[in-house]
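Breakdown of the fold
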Amino acid sequence: DEGEKKQVDGEKKEQEGEKADEGEKKQVDGEKKEQEGEKADEGEKKQAEGEKPADTAGDSEIKKGDDKKEEKKNEEAKAKPQVASQPAGDVSVWYDVGRSKTNSLTVSQYIIPMVVKSDKSESGIEQHLTKHDLQPGTAYKFRVAAVNAVGMGKFSDVTAFKTCLPGFPGAPSAIRISKASDGAHLSWDPPANAAGNVTEYSVYLAVKPQQQQNGAAAQTPAQLAFVRVYCGASPSCVVTTNSLGQAHVDMTSKPAIIFRIAARNDKGYGPATQVRWLQDAKDIQARQQMQSVKRQAAEPAQGDAAKKVKTEQ
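Residues numbered from 1 in each chain as written. Predicted model: local features only at pLDDT ≥ 70, side-chain atom pairs only at ≥ 80, totals over all residues. Heavy atoms only, no water.

So, unusual backbone geometry
If you check the backbone angles, Ala174 has positive phi at about 50° while not being a glycine. Exposure remark for Ala174: the relative accessible area of 42% places this residue in the partly exposed category. Even without being a glycine, Ala195 presents a positive backbone phi close to 55°. With respect to the helices and strands, the residue Ala195 is situated in the loop between β9 (183-189) and β10 (200-207). (Buried < 20%, exposed > 50% of the residue type's maximum accessible area, 1.4 Å probe, protein only. Helix = DSSP H or I, 4+ residues; strand = E, 2+ residues; numbered from the N terminus.)

Re the environment of Lys162
Assignment of secondary structure puts Lys162 in strand β7 (residues 159-162). With residues up to four places along the chain from it excluded, the contact list for Lys162 reads Gly137, Thr138, Ala139 and Pro271. (Contact = heavy atoms within 4.5 Å.)

Description of the packing of aromatic side chains
One pass over the full model with this rule turns up four aromatic pairs. Their ring planes at 70° and their centres at 5.5 Å tell us that Trp188 and Tyr201 sit as a pair that is edge-to-face. Residue Trp188 is located in strand β9, and its partner Tyr201 is located in strand β10; the two are separated by 13 residues in the primary sequence. For Tyr201, a relative accessible area of 4% puts it in the buried group. Note on Trp188 and Tyr230: the rings are 6.3 Å apart at their centroids and 65° apart in plane angle, and the pair reads as edge-to-face. Of this pair, Trp188 sits in strand β9 while Tyr230 sits in strand β11 (residues 225-232), placing them 42 residues apart in sequence. The exposure class of Trp188 is buried, given its relative accessible area of 2%. Taken together through their ring pairs, the aromatic side chains of Trp188, Tyr201 and Tyr230 make up a single cluster. Here the guanidinium or amino end of Arg143 rests over the ring plane of Trp94, the centre of that ring lying 4.2 Å away. (Phe/Tyr/Trp six-rings, centres within 6.5 Å; stacked < 30°, edge-to-face > 60°. Lys NZ or Arg CZ within 6 Å of the ring centre and 35° of its normal.)

Some points on the sheet that holds β9
Within a sheet, each strand pairs with its neighbour through backbone hydrogen bonds, oriented either parallel or antiparallel. Strand order in the open sheet formed by three strands is β8-β9-β12, and the pairing between neighbours is antiparallel. Whereas interior strands pair on both sides, the edge strands pair on one side only; in this sheet they are β8 (173-180) and β12 (236-240). Direction aside, neighbouring strands of the sheet carry axes that sit 20° apart on average. Pairing of β8 with β9 involves six bridges; the strand directions are antiparallel. When the sheet's bridge partners are listed, Ala180 is paired in β9 with Gly183. (Pairing = 2+ DSSP bridges. Axes fitted to C-alpha atoms, helices over the stretch in contact; angles between N-to-C directions.)

A short note on the side chain of Glu200
Within the secondary structure layout, Glu200 lies in strand β10. Among the polar contacts listed, one links the side chain of Glu200 to the side chain of Tyr269, at a separation of 2.6 Å. What Glu200 contacts, discounting residues up to four positions off in sequence, is Cys231, Gly232, Ala233, Ala262, Ala263, Arg264 and Tyr269. (Polar contact = N/O pair within 3.5 Å; in protein donor to acceptor, adjacent residues only side chain to side chain.)

Some remarks on the nonpolar core
If you look at the biggest cluster of nonpolar residues, it comprises 18 residues, and the most contacted ones within it are Leu186, Trp188, Val203, Cys237, Leu244, Ile257 and Phe259. If you list the elements that add at least two residues to this core, you get β9, β10, β12, β14 (256-264) and β15 (273-278). Here Val203 is in contact with Leu186, Trp188, Val227, Arg228, Val229, Tyr230, Cys237, Phe259, Arg260 and Ile261, once residues within four sequence places are set aside. (Core = buried A, V, L, I, M, F, W, Y, C linked by side-chain atoms within 4.5 Å.)

Overview of the environment of Val275
Relative to the elements of secondary structure, Val275 occurs in strand β15. Between the alpha carbons of Val275 and Arg260 there is a distance of 6.4 Å; along the sequence they are 15 residues apart. Those residues within four positions of Val275 in sequence are excluded, and the remaining contacts are Ile175, Ile177, Ile257, Ile258 and Phe259.

Quick notes on the confidence of the model for the protein
Averaged over all residues, the pLDDT of the protein equals 75, while 56% of them reach at least 70. Here residues 79-90 is a poorly scored stretch, pLDDT under 50, and it has 19 contacts once near neighbours within four places are set aside; other chains count. For the stretch residues 217-221, pLDDT sits under 50, and the model shows eight contacts to residues farther than four places along the chain or on other chains. (pLDDT = per-residue confidence, 0-100.)

Some points on the side chain of Asp250
Note that Asp250 resides in strand β13 (residues 249-250). A polar contact of 3.0 Å, which involves the side chain of Asp250, links it to the side chain of Thr252. A polar atom in the side chain of Asp250 sits 3.1 Å from the side chain of Arg276.

Examining the pattern of salt bridges
The full count for this structure, using the stated rule, is four salt bridges. Put simply, Asp250 and Arg276 hold a salt bridge, and the shortest N to O gap is 3.1 Å. Of this pair, Asp250 sits in strand β13 while Arg276 sits in strand β15; the two residues are 26 residues apart in sequence, bridging distant segments of the chain. According to the relative accessible area criterion, Asp250 is buried, its value standing at 6%. Residue class for Arg276 comes out partly exposed when judged on its relative accessible area of 32%. (Salt bridge = Lys/Arg side-chain N within 4 Å of Asp/Glu carboxyl O.)

Here you go:
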């Protein structure tokens, strides 16, 4: 019995030893699997890190190519002449026509700044000024500013002018106006470009509209009406006091009467020169009083005539 018991105990120990070996083996297998998993993770990580630089390099090549295209476009744009300060579709661009130390200037051209490519300058571009002639029969607008040691002042009001058509005379110049006993004496120089022989001149006077003569509000300069007060071959005339009494007095700055003078040749009339004749307040008041007296004298005469017609009827 003791022998059998010892044999059983030995078998139990062997079984326990086998179980222990199996547990150890399983533990070793688990550790191996964990190591293999860690290695797989490291491999995937390395693979991902290896793929990332490749993508970055590709992006850099694409970006570099785009930069080269942009540089090429910029170089092509610089190589083409461009007009400075002229926005597309903008019709209110102003150009220089010149500077004068006197209060007069003959304008036949205007200046446009051009930006062109150049290898001589550090910036790679240069600015050139090109002159363009005024076109015949074309309307232009002008404005003037004064310049002193401090700088340039404000621009004047805009003045519109239309150039002559070929064959028509230019506008008279150097207009002179002085007082005369019977009105105003006007004289002028013939057009610089008469395009033939000047056959006659016409002088126009801006007059008050009918409603203003009756005491209504004054019209704006844009609504002024002009009447011809002289037509002849002589470059001078006298506008009578009676005509001056009907004149519109422009009050935009200093009180002034407005005249226009135009020349005619075999083809027709050219553009007119407009001039403002400055007025004294006393002269304006005297003419207004004279016109008032004439109106008052005319009203009774008209009333007597109306009564006479009624009596006869």
